[in-house]
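Residues per chain, in single letters:
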Amino acid sequence: MTGSLWRVVGTGFSAFAVLVLIFLVLPTLVIVPLSFSSATFLSFPPPGWSLQWYEGFANSLDYRIAILNSIKIGIPAALLATIFGTLAALALVRGNVAGRRALSALMIAPLILPQIVLAIGLFPIMVKLGIVGSYPAILLGHAVLCLPLVFITVAASLKSYAPSIELAAMTLGANPWNTFRFVTFPMIRVGVVVGFIFSFTFSFDELILAIFLTSPATRTVPRLLWEHLNYQMTPVIAAATVVLLVLTLSLLVVAALVNRSSASGRVRGANEGAT
Amino acid sequence: MIKRTGAVVEFSEVTKRYGALTVLKPTTLTISAGEFFAIIGPSGSGKSTLLGITAGFVELSGGEIRVDGTDLSSVPPYHRNLGMVFQNYALFPHMTVAENIAFPLRMRRLGKAEIQSRVERVLDMVRLHGLGGRRPAELSGGQQQRVALARAAVYDPLLLLMDEPLGALDKNLREEMQEEIKSFQHQLGCTVIYVTHDQHEAAFMADRIAIMRQGQLEQIGTPRDLYERPSTAFVASFLGEATLLPVTAIAAGNGQGDLQVRLDGGVMVRASGQKAAASSDVHLCVRPETIRIAPLVEGLDNIFAATLEDRVYTTGSVRYRVRLHAAPHLLTVRVPTYPGIVLLEPGQQVMVGWNASDALLVTGS
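How each quantity is defined
- Residues numbered from 1 in each chain as written.
- Chains lettered and ligands numbered in written order.
- Predicted model: local features only at pLDDT ≥ 70, side-chain atom pairs only at ≥ 80, totals over all residues.
- Heavy atoms only, no water.
- Pairing = 2+ DSSP bridges.
- Helix = DSSP H or I, 4+ residues; strand = E, 2+ residues; numbered from the N terminus.
- Axes fitted to C-alpha atoms, helices over the stretch in contact; angles between N-to-C directions.
- Buried < 20%, exposed > 50% of the residue type's maximum accessible area, 1.4 Å probe, protein only.
- Contact = heavy atoms within 4.5 Å.
- Lys, Arg positive; Asp, Glu negative; His and termini not counted.
- Salt bridge = Lys/Arg side-chain N within 4 Å of Asp/Glu carboxyl O.
- Core = buried A, V, L, I, M, F, W, Y, C linked by side-chain atoms within 4.5 Å.

### Focus: the sheet that holds strand S8 (residues 191-196) of chain B
The strands that make up a sheet are held in pairs by hydrogen bonds between backbone atoms, and each pair lies either parallel or antiparallel. All names here are of chain B. Taken in spatial order, the 6 strands of this open sheet run S6-S7-S8-S3-S9-S10, and their pairing is mixed. Among the strands making up the open sheet, the edge pair consists of strand S6 (83-85) and strand S10 (216-221). Across the sheet, the mean angle from the axis of one strand to that of its neighbour is 15 degrees, orientation sign disregarded. Relative to S8, strand S3 (residues 36-40) runs parallel, the two being bridged by 5 bridges. When the bridges of S8 are listed, isoleucine 39 appears paired with valine 195.

Printed below as a string of structure tokens:
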């Protein structure tokens, strides 16, 4: 009797979970049929189908410049975040730093705080420095936002194996640089790469800092989309969004694959190390 | 070829403090060349700190360490040129067995051919021939332990540190590895400092043992010294089994080094050891295998009537506990077993006895 009751409850939970997933994903996916619409405005469901908006997107100089900008900003921002996030994780997980707990919480703060707070804070500083609207302004802003992503992935990699591996390397004659190069870095490489990919996709999709800190010359794809939404509601926006979505998702898939291929090859070893 | 003997290690007044907490009190100790030196003690006794100081992971708060006369205090771990084997092996999981063993040689910038021949030679020594291409995760625990040993020894260090290297292995494998490590040390010709919490392991392997407690050395000596002449009650009960009886008065006996001791409850016992003023710190230590049970008690210095309280049969011996009639002290007695042995039953009245030379006065709590 109780068995069948539990089965009913279990089925109910599963159904609820599926509904939540649909609720989360469906609004994002509505954009896909819209981008293939034959109408000249955003309406759902589309009256007919065409590829004209993808053509429009491909031929638009604005979008081309914006995509280039997003890459020019995303790659250096992700690189900066990766370098400093990795160093921070090394210091706070392996180092002998006083107040490491408080510092770790501080490292994650940019991810938790509303981005608008950071944007409002950064804006007057950038004005003072006279770099608002330039590449360095938005690039530095994004680097700050992405740093926690790298910090989290690299710290997790560092915690997955016993520090005695690094001590062993030292007794075997490896100085700190060689210990990092031959032992620590190979062990955390996956965390670093995944952190970089997360950072790049984060920068590529970020809007709020872009609104505050970019100029028409440095505006990114999300900012361009946002501006177009205000003036012209053509399905080009939908087409651009779908391209953005596909790009972001494929990068996340790459990150997941990197993570898994290494997990299968190394987890056993790391577990041995931790016993 | 001259047989190598290993390094002389001298600790003088070596101290470690973390803030107000002293984890290692000033410790002075000399380990001779080629010696197998074991350090045992409970968790937190400072034995791992002493090893960490030797390896260079733990900075000294005071004192000096010299290896073959060279002061190591300001030498970083990677220039100390000693080998270390860790409890969890600490093999590099992303490298093959051969790459793991080659690592210290690469750090020393040896040539490719030289590295390869040395790796092959040491793989033979630890009986892992042909497994150089495997990953550590593909090996058994015992094999991983041998790789760790090979990696720490391939560059011929004169000093090998081992931190509970067999702690993760099961009993049979552990005993096999104990023999192997001993013969490995002999082939290599190096000094070994071996930290363990297993007293049997230490007694089996070591030339000398240091027993540590609360950040200081309690006693140093050969396994036989420590077992037969423990200086404190702690050493007596840490190394092997011991019955410790409280003492209320001590007087000189008839023979040389012979003592008359009054136990708590008024029983007089003949004992040996240093005469000391009786206090709550003084105990009489009797090893379970030195106590005999009637009819084997005739002619012994101390003979008492007792009641058998309980009996445990273990492999190789039977452990009895008996309570003396004269005073309610409980003694542990261990008797070797053999097929057909007639076991005593709990509740049975027995005579027990031991010689004065087997009852030793010990001090300390």
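### Topic: the pairing of S3(B)
All names here are of chain B. Within S3, 5 of the 5 residues are buried, leaving the element largely enclosed by the surrounding structure. Burial of S3 is two-sided: the residues Phe36, Ala38 and Ile40 facing one way and the residues Phe37 and Ile39 facing the other way are all buried. Here 4 bridges tie S3 to strand S9 (residues 208-213), and the two strands are oriented parallel to one another. If you follow alanine 38 over to S9, its bridge partner there is isoleucine 209.

### Quick notes on the sheet that holds strand S4 (residues 62-67) of chain B
All names here are of chain B. Spatial strand order, S2-S1-S4-S5: 4 strands in an open sheet with antiparallel pairing. Taken across any chain shown, the strands that pair with only one partner, and hence form the sheet edges, are strand S2 (21-31) and strand S5 (70-71). Here strand S1 (residues 9-18) pairs with S4 via 5 bridges, running antiparallel. Within S4, the residue paired with glutamate 10 across the bridge is arginine 66. Contacting S1, S2 and S4, helix H1 (residues 47-55) runs over the sheet at an angle of about 115 degrees to S1.

### Concerning the pairing of strand S13 (residues 268-272) of chain B
Residues and elements named next belong to chain B. Relative to S13, strand S12 (residues 258-263) is paired through 5 bridges, and the arrangement is antiparallel. Counted as the bridge partner of valine 261 is valine 269 from S13. What sits between S12 and S13 in their antiparallel hairpin is a turn of 4 residues, with glycine 265 showing a positive phi close to 100 degrees.

### A look at the side chain of B:Lys47
Residues and elements named next belong to chain B. Assignment of secondary structure puts lysine 47 in helix H1. Summary of buried charges: lysine 47 has no salt-bridge partner, and the nearest side chain of opposite charge, glutamate 164, is 4.2 Å away. Excluding residues that lie within four positions of it along the chain, lysine 47 makes contacts with Ile39, Ile40, Gly41, Pro42, Glu164, Val195, Thr196, His197 and Met212.

### A short note on the nonpolar core
Grouped together as the largest cluster of nonpolar side chains are 103 residues, with contacts concentrated most on B:Phe11, B:Ile101, B:Phe103 and B:Ile193. Looking at this core, the element that brings in the most residues is helix H7 (residues 135-159) of chain A, giving 7 residues. Setting aside chain neighbours within four positions, we find B:Phe103 in contact with A:Ala169, A:Leu172, A:Ala174, A:Phe182, A:Val183, B:Phe92 and B:Met95. The next biggest cluster of nonpolar side chains, apart from the first, holds 30 residues, and it includes B:Ile293, B:Ala306, B:Leu344 and B:Ala359.

### Points about the pattern of salt bridges
Residue and element names in this part refer to chain B. Overall, the coordinates contain 22 salt bridges over all chains when judged by the stated rule. Among the ionic pairs, glutamate 345 bridges to arginine 311, the shortest N-O distance being 3.2 Å. Here the residue glutamate 345 occupies a position in the loop between strand S18 (330-336) and strand S19 (349-354), and arginine 311 occupies one in strand S16 (residues 302-314), the gap between them amounting to 34 residues. On the basis of relative accessible area, glutamate 345 is assigned to the partly exposed category, the value being 43%.

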